Amino acid sequence: MRSLRVRSDRPSNPQAASALALAVPPALALAILALMTPPPVIAQQSAVNGEAREVEVTFSKDVAPILQASCQICHRPGSVGPMSLLTYHEVRRYASRARDLVSKRLMPPYHLDTGVGIQDVKGDWRLSDDEIETVVAWVDAGAPEGDPADLPTPIDWPNEQKWQLEDVLGPPDHVIKSKPFDVPAEGGDTWWRPRVPTGLNEDRMVMAFETRPSFPAGRQIVHHAIPRLLRLNEDGEYRRIQSLSEYAMGKIGEIVPRDAGRLLKANDMIEWDAHYYPMGYDVTGDQLELGIWFHEDGYEPEFDQDLRLYPLRGDIALRPGGTAMTQGFHRWDHPVRLDSYQPHGHVHLHAMSVQAVYPDGDVELISMVTDFDARWHHSYIYEDDVAPLLPTGTVVVLTGWYDNTAENELTPDPEIWYARGARTMDEMSHAWMAITHLTEEGYQRLVEERERKHATDGDDGNRN
Ligand code: HEC
């Protein structure tokens, strides 16, 4: 019984071609992608009294609202972006670069492929095809300003110390800080892995997590940070049992689905794993924070959820100018729900897919990330209604493609060999997946609930 129908409900765009990457080496897929970039739109058409008439696309009227909605969170003073994109004059200077990155869907930096796999994800930053066409048409028309009277009201950016989940959940119930760390003005990347107690004196079931850097400095010097959960084992040693929530630039927190929970025990510890890089000024005593929202006291979720790392095995031997592919196969002895997917690799990982091979042999592509970029860490969290329900015996297949050709701008040197390793320039390969562990009855019920819902909504299976 299939509980997931992966449907392409976004209009086509250059990355629809990413399905090709399943069949061809990444370098070739890239070349094909380049050929498939759609032609620029010259101007928008608007129907007035049934007649199409050319309308000038202007910054004030058409482009500024897009920048407000999708760019300024990072591109404003004090945020992570290298420049501000608030005013016409600021944006004008970057117009052609913005056209390039936006049309390739590299900005906003959110690399889940459109057109293949599940498209309903929480906190989706992707622009619509119309928005991309507007930016392209505007730049191609010479980036006109238009009438400043058309500008949308500037956004009053919220107090920076607000948690992103605060709007939905209110302030966190509990906050765990990392130990203070000094980051010098100059130098290479550094890692900070302090252990801190959770500060809890009773077991609590968690409903949501959010990790955030300090403000304003942390926004610029923290590359990414992961609070890992450590628990005492029988030998009295603390062992990592899972990660809680990874912070990476721009990312939102993680809400655990309502029927699941993650347990924090009273004497658990948190081990921070923070990657800092110097930004030209001294920062003393920087601290990261993990905000936690609890389920109400006594709440017993039906299922456990955990977030773990699932490896891809096999050699990654990248000869000069070469490519490689590795896979990971994972299976559980009970049904599961796949709640989120986050590919991880370094500078050579070009693409990674996750597929389900069902017990009846059917294969389904769940998600595909073609333009993986190691500078961004995204967890694609599926909407509750579409998170794949996988019956016992389903094999989850992760496939990664690596690219050491000159076309990969991120490879330090396409003339030399690379292999697996821990340094940034070596390769690594795994995916993080949040998995809810179901019972057979729970699985049956969820499948039926979903089918009923989709029948009522007259849908073919993937949306509310
Ligand atoms: C989550 C944060 C974030 C969002 C959202 C975002 N950017 Fe960026 N942008 C960055 C960062 C960080 C860089 C520099 C590093 C990189 O390229 O990844 C960057 C780089 C760029 C550059 C290249 C600058 C240069 O020096 O060449 C352009 C152009 C750009 N962004 C435009 C946009 C536009 C247009 C949008 C919205 C449609 C957008 N960005 C959304 C963070 C963001």
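Every chain is numbered on its own, with residues counted from 1 as its sequence reads. Thresholds applied to this predicted model are a pLDDT of at least 70 for local features of residues and 80 or more for the giving and counting of side-chain atom pairs; totals over whole chains, interfaces and linings are not thresholded and use all residues.

### Some thoughts on the packing of helix 4 (residues 95–103) against helix 5 (residues 129–140)
Alright, step 1. Axis geometry follows a simple rule: fit a line to the C-alpha atoms, using only the stretch in contact for helices, then measure angles between N-to-C directions, giving values from 0 to 180 degrees. Under the DSSP-based scheme used, a helix requires at least four consecutive residues in state H or I and a strand at least two consecutive residues in state E, with every element numbered from the N terminus. Two elements in contact, helix 4 and helix 5, have axes separated by 9 Å at closest approach and are oriented at 150°. On the basis of their axis angle, the class for helix 4 and helix 5 is roughly antiparallel. With respect to the hand of their crossing, helix 4 and helix 5 are arranged in left-handed fashion. Only Ile 132, Val 135, Val 136 and Val 139 of helix 5 make contact with helix 4, whose side of the interface consists of Ala 95, Ser 96, Ala 98, Arg 99, Val 102 and Ser 103.
Alright, step 2. Three residue categories are used. Nonpolar comprises Ala, Val, Leu, Ile, Met, Phe, Trp, Tyr, Cys and Pro, charged comprises Asp, Glu, Lys and Arg, and polar comprises the others, including Gly. Residues that form the contact of helix 4 with helix 5 fall into these classes: seven nonpolar, two polar and one charged. Every angle not falling under 35 degrees, over 145, or within 65 to 115 is termed oblique; those three ranges are roughly parallel, roughly antiparallel and roughly perpendicular. Each crossing is labelled by how the near helix is turned from the far one, with a counterclockwise turn of less than a right angle marking it left-handed and a clockwise turn marking it right-handed. It is the C-beta atoms, placed from the backbone, that decide contacts: two residues are in contact if theirs lie within 7 Å.

### Some words on the nonpolar core
Alright, step 1. Ranked by size, the top nonpolar core spans 40 residues in total, and within it Leu 338 and Met 352 carry the most contacts.
Alright, step 2. At the level of secondary structure, the elements contributing two or more residues to this core comprise strand 18 (336–345), strand 19 (349–357), strand 20 (363–369), strand 21 (380–381), strand 22 (389–390), strand 23 (395–403), strand 24 (429–437) and helix 8 (440–456).
Alright, step 3. Per-element tally for this core: the top contributor is strand 19, with five residues.
Alright, step 4. Domain start and stop points were drawn from an automatic or database domain assignment. Looking at which domains feed residues into this core, each of domain 1 (40–150) and domain 3 (305–456) gives three or more.
Alright, step 5. One finds Ala 208, Ala 225, Leu 264 and Leu 290 within the second-largest nonpolar core, a separate group that totals 27 residues. In these notes, a nonpolar core means any group of buried Ala, Val, Leu, Ile, Met, Phe, Trp, Tyr and Cys residues linked to one another through C-beta atoms within 7 Å. Partly exposed residues are those falling between the two cut-offs: more than 12 but fewer than 20 other C-beta atoms within 10 Å of their own, whereas 20 or more means buried and 12 or fewer means exposed, with C-beta atoms placed from the backbone.

### Structural notes on the pairing of strand 16 (residues 303–311)
Alright, step 1. The pairing of strand 12 (residues 260–264) with strand 16 spans two bridges and is classified as parallel. Paired with Gly 261 across the bridge in strand 16 is Asp 304.
Alright, step 2. Where strand 16 meets strand 24, eight bridges bridge the pair, whose relative direction is antiparallel. Among the inter-strand pairings, Leu 309 is bridged to a residue of strand 24, identified as Trp 432. Between any two strands, at least two bridges found by DSSP are needed for them to pair.

### Structural notes on the environment of Pro 216
Alright, step 1. Along the polypeptide, Pro 216 turns up in the loop between strand 7 (204–212) and helix 7 (217–221).
Alright, step 2. Of the residues examined, Pro 216 has 12 C-beta atoms within 10 Å and is grouped as exposed.
Alright, step 3. In this structure, the C-alpha to C-alpha distance between Pro 216 and Pro 77, residues 139 residues apart in sequence, is 9.8 Å.

### Focus: the environment of Asp 182
Alright, step 1. Following the sequence through the fold, Asp 182 ends up in strand 4 (residues 181–183).
Alright, step 2. For Asp 182, a count of 12 C-beta atoms within 10 Å translates into the label exposed.
Alright, step 3. For Asp 182, the contacting residues outside a window of four places in its chain are Val 283, Thr 284 and Gly 285.

### What about the pairing of strand 13 (residues 269–276)?
Alright, step 1. Burial of strand 13 is one-sided: the residues Ile 270, Trp 272, Ala 274 and Tyr 276 facing one way are buried, the residues Met 269, Glu 271, Asp 273 and His 275 facing the other way are not.
Alright, step 2. Strand direction decides the pairing type here: strand 5 (residues 190–192) and strand 13, joined by three bridges, are antiparallel. Within strand 13, the residue paired with Thr 190 across the bridge is Tyr 276.
Alright, step 3. Across three bridges, the pairing between strand 6 (residues 195–197) and strand 13 is antiparallel. Residue pairing across strands places Val 196 opposite Ile 270, the latter belonging to strand 13.
Alright, step 4. Note that strand 8 (residues 222–232) and strand 13 share eight bridges and pair antiparallel. In the sheet register, Ile 226 faces strand 13, and the bridge partner there is Asp 273.

### Looking at the sheet that holds strand 23
Whether parallel or antiparallel, the strands of a sheet pair through hydrogen bonds between backbone atoms.
Alright, step 1. Strands sit in the order 17-23-19-20 across an open sheet of four strands; the sheet is antiparallel. If you trace the sheet from one side to the other, it starts and ends with strand 17 (323–330) and strand 20, each paired once. The sheet shows a mean angle of 20° between the axes of neighbouring strands, direction not considered.
Alright, step 2. By the bridge criterion, six bridges tie strand 19 to strand 20 in an arrangement that is antiparallel. The residue of strand 20 that forms the bridge with Gln 355 is Leu 365.

### Notes on helix 4
Alright, step 1. When we look at burial in helix 4, the residues that qualify are Ala 98, Val 102 and Ser 103. Buried residues of helix 4, viewed axially, fall in a sector of 115°; they line one side. Exposed residues on helix 4 whose side chains face more than 90 degrees from its buried face are Ser 96 and Arg 97.
Alright, step 2. Buried residues in helix 4 make contact with helix 5. The directions considered for the arc run from the helix axis to the C-beta atoms.

### Topic: unusual backbone geometry
Alright, step 1. At the junction of Met 107 and Pro 108, the peptide bond is cis and its omega measures out at -15° in the coordinates.
Alright, step 2. When you line up the elements, Pro 108 lands in the loop between helix 4 and helix 5.
Alright, step 3. Positive phi values are uncommon outside glycine, yet Ala 143 reaches one of about 55°.
Alright, step 4. Among the structural elements, Ala 143 can be located in the loop between helix 5 and helix 6 (166–169).
Alright, step 5. Ala 143 sits in the buried class, given 21 other C-beta atoms within 10 Å.

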